[in-house]
Amino acid sequence: MKVPVSVSKVKGRSSGDHGNKSKKKKKKLQRPLLEASGMSPNTALGLQYTQLASRGQPNLKRLQHNARPVHASGEAGCPAGQAKARAGEKADARANGGSGARALSVSAARPEGEMNPEELDSWCSFARSVLENGTAGSDPERGAGDRGGLEPGAAPAGPAPHRAAWDPVRNRTVLAMLPGESLVFRGKCQLTCLYGRVEVLGFTVEEGQQPYPLLSLPTHCPLSLAALGHAGADKTRKERRQGARAVVRKHLPAEVRKDLLSEISSDSCLILLEPLDTPLTRFLQSLPEHQDLFGLGQKESSVQLAGLECPFSPIGVFPLKGSSGQVTSQSYSSALGDLVSACREESEGYPIILVCGSKNVGKSTFNRHLINTLLNHTVSVDYLECDVGQTEFTPPGCLSLLSVTEPLLGPPFTHQRLPSRMVFFGESSVERDLDRYLESVKYLWRFYRRETPIVINTMGWVKGFGFQLLVDLIRLLSVTHVVQISHGDTSQFPALTPAYLRSATGWLTTPRVQRSSMPTEGEETQDCMAAQGHTLLGVQSEFEGAGEALITKYHSNVLRDLALLGYFSQLQDPEPGPARSLNCFTPYQVPMSSVALRVMHCEVAPAHVLYTANASLVGLCVLAEKVGGAGGPVLLSRTPVCECLGFGVLRGVDVPRGLYFVVTPVPPSVLRQVNCLLLGGVTLPHTLLRTQLGAEGECPYITSDYSFDISGAGKLRVQKGLKRREHLGGFSSRNGPR
C-alpha cells in the first residue's frame, strides 16, 4: 500500500532497509504525537524522532518501494517540492533536500478505499512540517546564494517566512495564511480577500467584498492582518483545498504560483495585495517633509532590513519582524464585547457611547477599533467629534457629526470626508471660549436621529475646566455608556460613575441637590437621565508609552498639518500623474458684498482684517440671515455658531474690484450657499508655502525679516490646568454652586 508519508533517513540505516519489519502485520497509520511544550513542532518532532531512532524504534512507517516526487502540475492534492534534487545527491534526513531543493516523496496515486481526503490532507500538512524543519538553517550559505535578489514568487529571507508569491507582470502579491497567523506591516496597499476571511483592526473582510485600502504608517500603531477560520461548513476539506488552489491559479501565472500551490491547505485564507495609488498618497509623497511617510519609521528601518527583499516590498508593504502590532488588554477586549452586545440589543434603543481619557492613552485607536467592530453587525455608525485638536474626519478646529459606513483602516488624515453637519470652532483648543464650545456641541446634537449607535470622541483635557466640560457632555448628550481609558496605577481623573455625576459640578450644569430654584426644561431632562444612570466601562491601556509624550517626530501639530494636507489633496486629479502645487489651481472669485468675514481667535482692527485674512485658511459657512453690503467687506461683530460646508485658502484680496480669491475643493453647487468666511487660529502647513512650484525668486507670503526676540512676538502660552475655586480642594461632592 502506498501512503503519503515523508521518507526519512536514520543514522546507520537507509530509507529502503526494512528487514523483517515489512513482513509484519500492517497497522493503522497514526500521526506521531508532538510534545506539549513551548518549543516549535519541528524542533519537538526532531527531538522525539532522534530519541526513538537511537533506541531502534522509528515511529514513521517507510515506503515499500522507491518513492517518486509529485510534480507541480499533479492533482493529487499533496504539495509538490520547490525544486528537484541534483542527480546522485543524497538528501538530508530532516531537511528532505535542504533549503535549495525541497521534494516531498509520495505516491502519485492511491488505491480506492485506502485513505480518505481528510486523512490525505492531514498527512500533507504533517509532511510540510517535516519539510520546513531545518530548511532555514540547514545550509545557510546555499540558501543565501540561491536568493541572489527578489525573484517572482520568491519567499522572504529569515525565519518563519510568509507564504506569498509576487506577480511581476501585474505587480501584485497573493498571500496565503492559516487561521491564527498574522502579518504586522508598514506601508500602504489595497487588500482584497480572495478566499476565507481576514480581520484588520476589528473589521472582518470576507471573500466577494470590495477592495479596502490599508495604510499602516509610522504616525500610528502598525496594522495587523489576521487570518480567521472559514465561516461556512458546507464544504469538505477537499473541496476547500481545491477551491483555494483554483483561486491561486486564477490570480497568478504558472511561473510564480508553483511554490505557493505547495503551501495551500484546506484552511488557507488567500489575500490579494496590490499597490495603492491615490491623490492623497501622490500629494503627500510630493512634499519633501513627508516623502518617507509611507515607509518604515526611523527605528524600524534599522532593524527591518530583512523585510526589504520579499514578495511584499514591490507593492509598498514592509513586514515587521518581532512586532505584535496593537496591544490590547483584557479590559480593552471586554469593553468592545460589551458595547457590541449593547448595540445588538435593540429593546432599549441604540447606545450612546462616550470615550474619554487623558492624552496619549489610545482614545482614537479605540474609537476606530470600536467602529470597525460595530460595522460587522450594523450598516452604519454615527460619530460625534468633540475634540477640536485631534479630529478624525475633518481638519483641526472642527466639531462634526457624520455617519460612518466604511471601515477605518488608516490614520485620520487618510480618510478625510465631508460630515453631515460641521461647525468650525477655529482653534485646536477650547479654553478661550468654553460657552461657544458647548453651544456648538448642542447645535450638532440636534441633528442626531437616534437610528444608529453613536460614538462620541472627547478631548484629552481632563483637568480643571476640561473635566467640567466632560461632565457637561455626559449630561447634555444623555450618554448610556462611558468608556474611561486610563494608564498606569494612578487615576488621571475620578471614575465617572453615575453616583459621582449626581454630585459633580460642570461648567454649564449643576447637580440637582445644589439647585435653589425650580429646574428648567433642560435640567428636567438631565434629571431624568441621571435617574436612569449609565454604564461605566474601564479600560486599561497597556501598550508601550501609554500616557507619555510621543517620542517620534509626528507630534500633535504635525498630525494636524497632515489632516489639512489630506483635506486639500482632494484638489488633485484622480488619474495618475504628478502632484500639483496649491497655487496651480484656478481660484473662485467671491464678491466681498455677498459674504461676511469674521476673525474668531483674536481682536483685529477693521482696517487690518483684510491683511490678516490674506493667505489664510477660512471656513466656508452658512448664516441663517441674508448678507449684503455696499461693495466693501462685510465684517461680523460676534462669532456665530453655524454650519460649515468646507474649507478654502484665501489666496488673494482685490480691494479695488471688491473680490476675494478662494481655492477650495468644495464644488460650485455647494459654494453658492456660502455667505460667511470664518478665520480662526488654525494655520496652513508651512510646507504648502515653502514648496510652491513655479514661483520665481522669493516665495509669496514668506518672509525672513522677523524677530522672535521682541516681546509678544512668540506664541502665547495658556495654562489649561487651572481649577475653579470650588475645585481647589480636589474633586469632592461638597463643591458649592457655580
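The model shown is predicted, which means the values in this text are computed figures rather than measured ones.

### Structural notes on the pattern of salt bridges
Inference 1: For the structure on display, the rule yields 11 salt bridges.
Inference 2: When the shortest N-O distance is used, the salt bridge between glutamate 289 and arginine 690 registers 2.1 Å. In this pair, glutamate 289 sits in the loop between helix H6 (279-285) and helix H7 (298-303) while arginine 690 sits in helix H17 (residues 686-690), placing the two residues 401 residues apart along the sequence.
Inference 3: Owing to a relative accessible area of 45%, arginine 690 belongs among the partly exposed residues under this scheme.
Inference 4: Put simply, arginine 368 and glutamate 392 hold a salt bridge, and the shortest N to O gap is 3.1 Å. Of this pair, arginine 368 sits in helix H9 (residues 363-374) while glutamate 392 sits in the loop between strand S13 (381-385) and strand S14 (398-404); the two residues are 24 residues apart in sequence, bridging distant segments of the chain. Just as arginine 368 is buried, glutamate 392 falls in that class too.

### Some details on the state of the cysteines
Inference 1: Under the defined criterion, the tally for this structure stands at zero disulfides.
Inference 2: Free of any disulfide, cysteine 642 has its nearest neighbouring cysteine sulfur in cysteine 621, separated by 4.4 Å.

### Here's the deal with the side chain of glutamate 385
Inference 1: By the secondary structure assignment, glutamate 385 is in strand S13.
Inference 2: For the buried glutamate 385, no salt bridge exists, and the shortest N-O distance to an oppositely charged side chain is 8.5 Å, to arginine 368.
Inference 3: In terms of polar contacts, glutamate 385 uses its side chain to reach the backbone amide nitrogen of aspartate 387, at 3.1 Å.
Inference 4: Here the side chain of glutamate 385 touches glutamate 392 through a polar contact of 3.0 Å, landing on its backbone nitrogen.
Inference 5: Not counting the four nearest positions on each side in its chain, glutamate 385 is found in contact with Gln390, Thr391, Glu392, Cys398, Leu399, Ser400 and Asn457.

### Examining the confidence of the model for the chain
Any region with low pLDDT has predicted coordinates that should not be read closely.
Inference 1: On average, residues of the chain score 76 in pLDDT, and 68% of them reach the 70 mark or higher.
Inference 2: Within the model, the stretch residues 52-114 combines pLDDT values under 50 with 122 contacts to residues more than four positions away or in other chains.

### Some points on the packing of helix H4 (residues 237-251) against helix H5 (residues 254-261)
Inference 1: At a closest axis distance of 9 Å, the pairing of H4 and H5 adopts a crossing angle of 155 degrees. Classed by the angle they form, the pair H4 and H5 counts as roughly antiparallel. Regarding H4 and H5, the two cross each other, and that crossing is right-handed. Residue-level inspection shows Arg245, Val248 and Arg249 of H4 in contact with H5, the latter providing Arg257, Leu260 and Leu261.
Inference 2: Its residues assigned to classes, the contact of H4 with H5 shows three nonpolar, no polar and three charged.

### Description of the nonpolar core
Inference 1: Ranked by size, the top nonpolar core spans 61 residues in total, and within it Leu284, Leu293, Leu562, Phe568, Phe647, Tyr660 and Leu677 carry the most contacts.
Inference 2: With eight residues, helix H14 (residues 556-568) is the largest single contributor of residues to this core.
Inference 3: Non-local contacts of phenylalanine 568, meaning those with residues more than four positions away in its chain, are made with Leu582, Leu617, Phe647, Gly648, Val649, Val663, Pro665 and Leu684.
Inference 4: In this structure, Ala164, Tyr332, Ile371 and Val404 belong to the second largest nonpolar core, which totals 51 residues.

### Here we look at the sheet that holds strand S24 (residues 659-663)
Inference 1: Read across the sheet, seven strands follow the order S19-S24-S23-S21-S25-S20-S22 without closing on themselves; strand pairing throughout is mixed. Both edges of this open sheet fall to strand S19 (588-591) and strand S22 (634-635), since each of them pairs with a single strand only.
Inference 2: Contacts from H14 reach strand S21 (616-622), strand S23 (643-654) and S24, with the element oriented near 85 degrees to S23.

### Some thoughts on the packing of helix H8 (residues 330-344) against H9
Inference 1: The N-to-C vectors of H8 and H9 enclose an angle of 40 degrees; their axes lie 10 Å apart at closest approach. On the basis of the axis angle, H8 is oblique to H9. At the point where H8 passes H9, the crossing takes the right-handed sense. Contacts between H8 and H9 pair Tyr332, Ala335, Leu336, Leu339, Val340 and Cys343 from the former with Thr365, Phe366, His369, Leu370, Thr373 and Leu374 from the latter.

Cut-offs applied
Residues numbered from 1 in each chain as written. Predicted model: local features only at pLDDT ≥ 70, side-chain atom pairs only at ≥ 80, totals over all residues. Heavy atoms only, no water. Salt bridge = Lys/Arg side-chain N within 4 Å of Asp/Glu carboxyl O. Helix = DSSP H or I, 4+ residues; strand = E, 2+ residues; numbered from the N terminus. Buried < 20%, exposed > 50% of the residue type's maximum accessible area, 1.4 Å probe, protein only. Disulfide = S-S within 2.5 Å. Lys, Arg positive; Asp, Glu negative; His and termini not counted. Polar contact = N/O pair within 3.5 Å; in protein donor to acceptor, adjacent residues only side chain to side chain. Contact = heavy atoms within 4.5 Å. pLDDT = per-residue confidence, 0-100. Axes fitted to C-alpha atoms, helices over the stretch in contact; angles between N-to-C directions. Parallel < 35°, antiparallel > 145°, perpendicular 65-115°, else oblique. Left-handed = near helix turned anticlockwise from the far one by under 90°. Nonpolar A, V, L, I, M, F, W, Y, C, P; charged D, E, K, R; others polar. Core = buried A, V, L, I, M, F, W, Y, C linked by side-chain atoms within 4.5 Å. Pairing = 2+ DSSP bridges.

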